[in-house]
Amino acid sequence: MAAAAWSGSRGVAGVRATKGLFLVFTLLCLVCLSSSRVNKDQLKNLKETIQKLQQKLDMEKASLTTSSELMNYYVKFMDPLMKLVKKTSKDLPANFPPLEGLMGTLKDFVEKTKTYVDGETEELGEEIEKKEQKLREIRELIDSVEEQEAEL
């Protein structure tokens, strides 16, 4: 009976095996295509997240420049402050602790702190650049996905 069903290399329903495989392959491709499409809401959420990350990076950049500028201001402020202390220390009592040594130590500390802040600023600036590059790559990927979705 099985031999009768397969006689003439035809299937039970009269469909050749290659036609059946083609039908299964076509349906499989359509299912895979429809399941691989990106949801527009997910894409919108991803774009919003990328925008928020960009804003955070911009805030970090601003704080880096502010820290560096502030340290530059402190270093410039130290020389006039030392001159003012020299002027006013003449009027202090003789048993008053010397302020010039303290001011010299303070100036050294501020300069070391500025050097440290500048080094940290440079490192963080490089990290921010890397993060911005990654965000650009992600944006390009999102744009290409949007273009592919528009084509479909």
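Use the structure listed above.
Described in the following lines is the structure provided in the data block.

Definitions and limits used
The residue numbers shown here count from 1 along each chain, following its written sequence. Whole-chain, interface and lining totals are the exception, using all residues; otherwise, since this is a predicted model, local features are given only for residues with pLDDT of at least 70 and side-chain atom pairs are given and counted only at 80 or more. Side-chain figures throughout are based on the complete set of non-hydrogen atoms in the structure, without hydrogens or water. Side-chain atoms within 4.5 Å are what join buried Ala, Val, Leu, Ile, Met, Phe, Trp, Tyr and Cys residues into a set we call a nonpolar core. Relative accessibility thresholds used throughout: buried, under 20% of the residue-type maximum; exposed, over 50%; partly exposed, between the two (1.4 Å probe, protein chains only). Only DSSP runs of H or I with at least four residues qualify as helices, and only runs of E with at least two residues qualify as strands; both kinds are numbered from the N terminus onward. Two residues form a contact once any of their heavy atoms are found within 4.5 Å. Between the first and last residue of a helix there are one fewer steps than residues, each counted as 1.5 Å, and that sum is the expected span. Note on aromatic pairs: the rings of Phe, Tyr and Trp (six-membered ring only in Trp) are paired at centre separations within 6.5 Å, and the planes decide the class, stacked below 30 degrees, edge-to-face beyond 60, tilted for the rest. Contacts described as polar in this section are N or O atom pairs within 3.5 Å, which, within protein, must combine one atom able to donate a hydrogen with one able to accept it, while residues neighboring in sequence count only if both atoms come from side chains. A side-chain nitrogen of Lys or Arg and a carboxyl oxygen of Asp or Glu constitute a salt bridge if their distance falls within 4 Å. Only residues above 30% relative accessible area that lack a salt bridge enter a patch, with like-charged residues linked at up to 9 Å and the nonpolar side chains Val, Leu, Ile, Met, Phe, Trp and Tyr linked at up to 5 Å. Each accessible area is a Shrake-Rupley result for a 1.4 Å probe, and residues are judged covered by the shown protein chains and nothing else.

### Some details on the nonpolar core
Generally speaking, nonpolar side chains in soluble globular proteins are found buried as a group. Counting eight residues, the largest nonpolar core is built from L43, I50, L57, L64, I128, L135, I142 and V145. Of all the elements in the fold, those that place two or more residues in this core are α3 (40–89) and α4 (99–151). Dropping the residues within four chain positions of it, L57 is found in contact with I128, K131, E132 and L135.

### So, α4
For α4, built from 53 residues, the straight-helix expectation of 78 Å at 1.5 Å per residue is met to within 8% by its first-to-last C-alpha distance of 76 Å. Those residues of α4 that fall on the buried side of the exposure criterion are M103, V110, K114, V117, T121, I128, E132, L135, I142, V145 and E149.

### Considerations on the packing of aromatic side chains
Counted by the stated rule, this structure contains two aromatic pairs. Ring geometry for Y73 versus F77: centroids 6.1 Å apart, planes at 20 degrees, classification stacked. Linking Y73 with F77, this pair stays in helix α3, spanning four residues, or about one helical turn.

### Re the environment of R139
With respect to the element layout, R139 can be found in helix α4. By relative accessible area, which is 29% here, R139 ends up partly exposed. Here the alpha-carbon distance between R139 and Q51, two residues 88 residues apart in the chain, equals 9.7 Å. Sequence-distant contacts of R139, defined by excluding residues within four places in its chain, comprise I50, Q51 and Q54.

### Re the side chain of S68
Looking at the element boundaries, S68 is found in helix α3. On the basis of relative accessible area, S68 is assigned to the buried category, the value being 18%. A polar side-chain atom of S68 sits 3.5 Å from a polar atom in the side chain of D118.

### A few points about the pattern of salt bridges
Inspection of every chain in the model, using the stated rule, returns four salt bridges. Residue E146 is joined to K47 by a salt bridge in which the shortest nitrogen-to-oxygen separation is 2.7 Å. Highlighted residues: E146 in helix α4 and K47 in helix α3, separated in sequence by 99 residues. Taking relative accessible area as the criterion, E146 reaches 25% and is therefore assigned partly exposed. The shortest N-O distance in the salt bridge between K114 and D118 comes to 2.6 Å. In this pair, K114 and D118 both sit in helix α4, four residues apart, roughly one turn of the helix.

### Some points on a nonpolar patch on the surface
Together, L70, Y73, Y74 and F77 make up an exposed nonpolar region whose accessible area comes to about 410 Å². For Y74, the position within the fold is in helix α3.

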